[in-house]
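# Structural description and commentary
Here is how the chains run, residue by residue.
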Amino acid sequence: MDAIVKNFPQTTPESNRPTQKEAEDAVRTLLRWAGDDPAREGLLDTPARVAKAYRELFAGYEMDAEDVLGRTFEEVAGYDDMVLVKDIPFFSHCEHHMVPIIGKAHVAYMPEGRVLGLSKIARVVEIYGRRLQTQETMTAQIAKAIDETLRPRGVAVMIEAEHMCMAMRGVQKQGSTTLTTTFTGSFKTEPADQARFMSMVRGR
Ligand SMILES: Nc1nc2c(ncn2[C@@H]2O[C@H](COP(=O)(O)OP(=O)(O)OP(=O)(O)O)[C@@H](O)[C@H]2O)c(=O)[nH]1
């Protein structure tokens, strides 16, 4: 798992964290930048609310995929075929504009001796989603985390998402979806495994 941290060194050391007051002052600055008055009554509590909301929206920096994925079970009754958890909803934020990415993740693996608790797969999506992200990085991180901790025969991750930076601002194209995939192991080497993943994701 060290490799994951090395490849994706996103977590801020606690010593570099601003104080609550610094965070609230920064929000007041942005309110003024937007053209509003942080001293007006309706905005007085907003900096504290935003600082609190950021802790929640970016809680992924506080969480470690290794802890979550470390809890595995012995293979269940000889089951060794694909396990797919699809349509896992998530909210993330793009690292370019800090506005939402709204999407769904589909995550599959081929067990090799051990299986994961299903909720742990959704938790890994949360861990990487609740950070500033690009969709490509998030897709790769989820696959890599499962691959390195569980050592399954293969991992497949597909993310479909709408980027609010393309909808609310800039080019302003609402409703477009970006799809990204990462395949490891048998999903990479066996076209049949990859095709089955795609058809299971698409089968509604
Ligand atoms: N590859 C990738 N690009 C992203 C993602 N989220 C946002 N972007 C893009 O990041 C790019 C940043 O482009 P810049 O030209 O530096 O910034 P900008 O002037 O705000 O760009 P516009 O959005 O075109 O107005 C934009 O094209 C965004 O669409 C992502 O998850 N993956």
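None of these values were measured; they are calculated from a predicted model.

## Re the environment of methionine 198
Relative to the helices and strands, methionine 198 is located in helix H9 (residues 191–202). For methionine 198, a count of 15 C-beta atoms within 10 Å corresponds to the partly exposed category. For the pair methionine 198 and arginine 17, spaced 181 residues apart in sequence, the C-alpha separation works out to 41 Å.

## With respect to the UniProt feature "binding site: Zn(2+)" (unreviewed entry) in the chain
UniProt's entry tags Cys94, His97 and Cys165 with the feature "binding site: Zn(2+)" (unreviewed entry), counted in the numbering of this structure. Spatial clustering of the annotated residues is evident: they stretch over 72 residues in sequence, but the largest pairwise C-alpha distance comes to 7.7 Å. Summarising the element assignment, cysteine 94 is placed in strand S2 (residues 83–94). When the 18 C-beta atoms within 10 Å are taken as the criterion, cysteine 94 is described as partly exposed. Beyond its immediate sequence surroundings of up to four residues, cysteine 94 is in contact with Val99, Ile101, Gln133, Thr134, His163 and Cys165. If you trace the backbone, cysteine 165 turns up in helix H7 (residues 164–167). Residue classification places cysteine 165 among the partly exposed residues on the basis of 16 C-beta atoms within 10 Å. If we ignore the near neighbours within four places in the chain, the residues touching cysteine 165 are Cys94, His96, His97, Val99 and Gly170.

## Some remarks on the site of the ligand
What surrounds the ligand is the set Cys94, His96, Thr134, Gln135, Glu136, His163, Cys165, Met166, Gly170 and Val171. Mapped by element, the contributors of at least two residues to the shell around the ligand are helix H6 (135–150) and H7. Its residues placed into classes, the shell around the ligand shows four nonpolar, five polar and one charged.

## Remarks on the sheet that holds strand S6 (residues 154–163)
The five strands lie next to each other as S5-S2-S3-S6-S7, forming an open sheet whose pairing is mixed. The outermost strands of the open sheet, each flanked by one partner alone, are strand S5 (132–133) and strand S7 (178–185). As paired strands, strand S3 (residues 100–110) and S6 are joined by 10 bridges and run antiparallel to one another. Residue pairing across strands places alanine 105 opposite isoleucine 159, the latter belonging to S6. Across the sheet, H9 is in contact with S2, S3, S6 and S7; its angle to S6 comes to roughly 40°.

## Points about the nonpolar core
Residues Leu69, Val124, Ile142, Ile146 and Val157 are the most contacted members of the largest nonpolar core, which totals 30 residues. Of all the secondary-structure elements, those providing two or more residues to this core are helix H4 (65–69), S3, helix H5 (118–129), H6 and S6. Take this core: its biggest share by element is seven residues, from H6. The contact partners of isoleucine 142, leaving out residues within four places of it in the chain, are Ala105, Val107, Val124, Val125, Tyr128 and Val157.

Rules of the game
Residues numbered from 1 in each chain as written. Predicted model: local features only at pLDDT ≥ 70, side-chain atom pairs only at ≥ 80, totals over all residues. Helix = DSSP H or I, 4+ residues; strand = E, 2+ residues; numbered from the N terminus. Buried ≥ 20, exposed ≤ 12 C-beta atoms within 10 Å, placed from the backbone. UniProt positions renumbered as here; feature names shortened; annotations may be inferred. Contact = placed C-beta atoms within 7 Å. Near = placed C-beta within 6 Å. Nonpolar A, V, L, I, M, F, W, Y, C, P; charged D, E, K, R; others polar. Pairing = 2+ DSSP bridges. Axes fitted to C-alpha atoms, helices over the stretch in contact; angles between N-to-C directions. Core = buried A, V, L, I, M, F, W, Y, C linked by C-beta atoms within 7 Å.

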